[in-house]
Amino acid sequence: MTEAALLELQGVGMRFGAGDHAVTALRDVTFRLQPGRAIALVGESGCGKTTCARLIAGLYRPTEGQVRFRGTDVTAQAGRAGELAYRRAVQMIFQDPFASLNPVFNVSHHLSRPIRLHGHAATAKAVEARVAELLRWVGLDPDIAAIKFPHQLSGGQRQRVNIARALAVEPEILVADEPTSMLDVSIRLDILKLLAETKAARGLAMLYITHDIATAAHVAEEIVVMFAGQMVEWGDTAAVTGAPRHPYTQLLLSAVPDPDVKLRGTGSGAFQARAEAIRTASRQATDSIVTVGPNHFMRAAPGLSLQ
Ligand SMILES: Nc1ncnc2c1ncn2[C@@H]1O[C@H](COP(=O)(O)OP(=O)(O)OP(=O)(O)O)[C@@H](O)[C@H]1O
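Remember, predicted model here, so these are calculated numbers, not experimental data.

1. Digging into the sheet that holds strand β1 (residues 7–16)
Logical step 1: The sheet built from four strands is open, its strands ordered β2-β1-β4-β5 with antiparallel pairing. For this open sheet the edge positions go to β2 (23–33) and β5 (72–73), each flanked by a neighbour on one side alone.
Logical step 2: Bridge count for strand β4 (residues 64–69) against β5 is two bridges, and the pairing is antiparallel. Considered in β5, the bridge of Arg-68 is made with Asp-73.

See below:
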């Protein structure tokens, strides 16, 4: 029997609403997160990425399947203590670094509060030392940054504070939902590098959510490409991005998607027609999974020629 994963999604489905108005946001989502490794969840707007993050954070209960933490269904965590322990273990980093910080508190307050609440330092001096250590880790000078308020920081600095705050409770899993999409292009790579280093040095499991498949390789060893709530292709990042087999992944790699616009394809009429055919075929629910390589899989795409 294989060892239990740190976090495992098994056949997870999520439906909102009922009857004719029901929306299936996720269908049959299955993957495992392990310490020190990251999975990039990639797909265009509406594919179900955020729903998946919210399920992992315990904000939604799946309507099908299970989310298991160290082998235990997270919705069946024993009592409030178990729930609190799970909430501490999973920390989120959001897209908008400003909205996640309270404008009336300085950086030191944002970091020392979770440290105290979760009992990671006993004295005021120890809390201060821990705040300084976290700020140094995320690349900020503690003497300057600790007393600043959110509006006095740049977008990149705010996101660094958010990362430090997530680390303050010593989590085991980081869920980073489009952590760089609202930042200046020039600093996006620095933040991705910081996340990758953090994951490796602290042995964290990470789910990196993005619409931009090109950035996945900076952070994640594995990639899951999603479309219309289904995993369409997944496996080792190098295999999925270097030798994509599913037509939708090929389409994703051939265009630079705009997060605000659903991917339609650009260029010639022939490209657009094929893009539409791929989108229509990829939307169909199918349980047929094809093994493409040692750790490389795709969902069958009925009616589409593979190139
Ligand atoms: N609370 C909800 N009630 C009803 N439908 C929802 C709800 N949340 C999400 N959905 C629907 O589920 C689908 C997936 O949404 P989700 O936000 O997870 O996608 P996403 O890939 O994160 O998109 P984006 O990048 O735009 O946030 C969409 O069709 C969305 O409209």
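2. Looking at the site of the ligand
Logical step 1: The environment of the ligand is formed by Phe-16, Gly-17, Val-23, Ala-25, Gly-43, Ser-45, Gly-46, Cys-47, Gly-48, Lys-49, Thr-50 and Thr-51.
Logical step 2: Breaking the shell around the ligand down by element, the ones donating at least two residues are β2 and α1 (49–56).
Logical step 3: The element that contributes the greatest number of residues to the shell around the ligand is α1, accounting for three residues.
Logical step 4: Across the shell around the ligand, the residue classes break down as four nonpolar, seven polar and one charged.

3. Digging into the nonpolar core
Logical step 1: Within the largest apolar cluster, 78 residues are counted, with the highest numbers of intra-cluster contacts made by Ala-40, Met-206, Leu-207 and Val-225.
Logical step 2: Counting residues per element, this core draws most heavily on helix α6 (residues 155–168), which supplies six residues.
Logical step 3: Once residues within four sequence positions are removed from consideration, Val-225 is found in contact with Val-42, Gly-43, Val-232, Glu-233, Trp-234, Val-240, His-246, Tyr-248, Thr-249 and Leu-252.

4. Brief notes about the sheet that holds strand β12 (residues 296–299)
Logical step 1: Taken together, the eight strands give an open sheet; going across it, the order is β6-β7-β8-β3-β9-β10-β12-β11, and neighbouring strands pair in mixed fashion. Either end of the sheet is taken by a strand with one partner, and the two such strands are β6 (90–93) and β11 (289–293). Averaged over neighbouring strand pairs, the angle between their axes works out to 20 degrees when direction is ignored.
Logical step 2: Both strand β3 (residues 38–42) and strand β8 (residues 205–210) contribute to a ladder of five bridges, which runs parallel. The residue bridging Val-42 from the neighbouring strand is Thr-210, located in β8.
Logical step 3: Relative to strand β9 (residues 222–227), helix α10 (residues 247–254) is tilted by about 100 degrees, and along the sheet it contacts β9 and β10 (230–236).

5. Re unusual backbone geometry
Excluding glycine, most residues fall at negative phi; most peptide bonds, likewise, are trans.
Logical step 1: Of note, the phi angle at Asp-28 is positive, near 50 degrees, even though the residue is not glycine.
Logical step 2: Despite not being glycine, Glu-178 shows a phi value in the positive range, around 50 degrees.
Logical step 3: Along the chain, Glu-178 falls in the loop between β7 (173–177) and α7 (185–202).
Logical step 4: The class of Glu-178 is buried, set by 20 C-beta atoms lying within 10 Å.

6. Re helix α11 (residues 269–283)
Logical step 1: For α11, with 15 residues, the first-to-last C-alpha span of 21 Å sits near the 21 Å given by 1.5 Å per residue.
Logical step 2: In this structure, the buried side of α11 is in contact with β9, β10 and α10.

7. Overview of the packing of helix α4 (residues 124–137) against α6
Logical step 1: The interhelical angle for the contact between α4 and α6, taken along N-to-C directions, is 130 degrees, at an axis separation of 9 Å. By the criterion of interaxial angle, the relationship of α4 to α6 is oblique. Between α4 and α6 the crossing geometry is right-handed. Seen from α4, the contacting residues are Leu-134, Leu-135 and Trp-137; seen from α6, they are Ala-164, Leu-167 and Ala-168.
Logical step 2: Its residues placed into classes, the contact of α4 with α6 shows six nonpolar, no polar and no charged.

8. A word on the environment of Gly-155
Logical step 1: Among the structural elements, Gly-155 can be located in helix α6.
Logical step 2: The class for Gly-155 is partly exposed, based on 16 C-beta atoms found within 10 Å.
Logical step 3: The spatial distance from the C-alpha of Gly-155 to the C-alpha of Thr-180 is 9.5 Å, given a sequence separation of 25 residues.
Logical step 4: What Gly-155 contacts, discounting residues up to four positions off in sequence, is Pro-97, Met-182, Leu-183 and Asp-184.

9. So, the pairing of β12
Logical step 1: Where β10 meets β12, three bridges bridge the pair, whose relative direction is antiparallel. Across the sheet, the residue bridging to Glu-233 is Met-298, located in β12.
Logical step 2: With antiparallel pairing between neighbouring strands as the criterion, β11 and β12 make up a hairpin whose turn holds two residues.

10. Observations concerning the pairing of β6
Logical step 1: Burial of the side chains of β6 extends over both faces: Val-90 and Met-92 are buried on one face and Gln-91 and Ile-93 on the other.
Logical step 2: Bridge analysis of β6 against β7 gives four bridges, and the strand direction is parallel. Looking across to β7, one finds that Val-90 is bridged to Ile-173.

11. Brief notes about the packing of helix α3 (residues 107–117) against α6
Logical step 1: The contact between α3 and α6 brings their axes to 8 Å, and the two run at 15 degrees. In terms of orientation, α3 lies roughly parallel with respect to α6. In this structure, α3 meets α6 at a crossing whose hand is right-handed. Residues Val-107, His-110, Leu-111, Pro-114 and Ile-115 of α3 touch α6, and the partners they reach there are Val-161, Ala-164, Arg-165 and Ala-168.

Quick notes on the rules
Residues numbered from 1 in each chain as written. Predicted model: local features only at pLDDT ≥ 70, side-chain atom pairs only at ≥ 80, totals over all residues. Pairing = 2+ DSSP bridges. Helix = DSSP H or I, 4+ residues; strand = E, 2+ residues; numbered from the N terminus. Near = placed C-beta within 6 Å. Nonpolar A, V, L, I, M, F, W, Y, C, P; charged D, E, K, R; others polar. Core = buried A, V, L, I, M, F, W, Y, C linked by C-beta atoms within 7 Å. Buried ≥ 20, exposed ≤ 12 C-beta atoms within 10 Å, placed from the backbone. Contact = placed C-beta atoms within 7 Å. Axes fitted to C-alpha atoms, helices over the stretch in contact; angles between N-to-C directions. Expected span 1.5 Å × (residues − 1). Parallel < 35°, antiparallel > 145°, perpendicular 65-115°, else oblique. Left-handed = near helix turned anticlockwise from the far one by under 90°.

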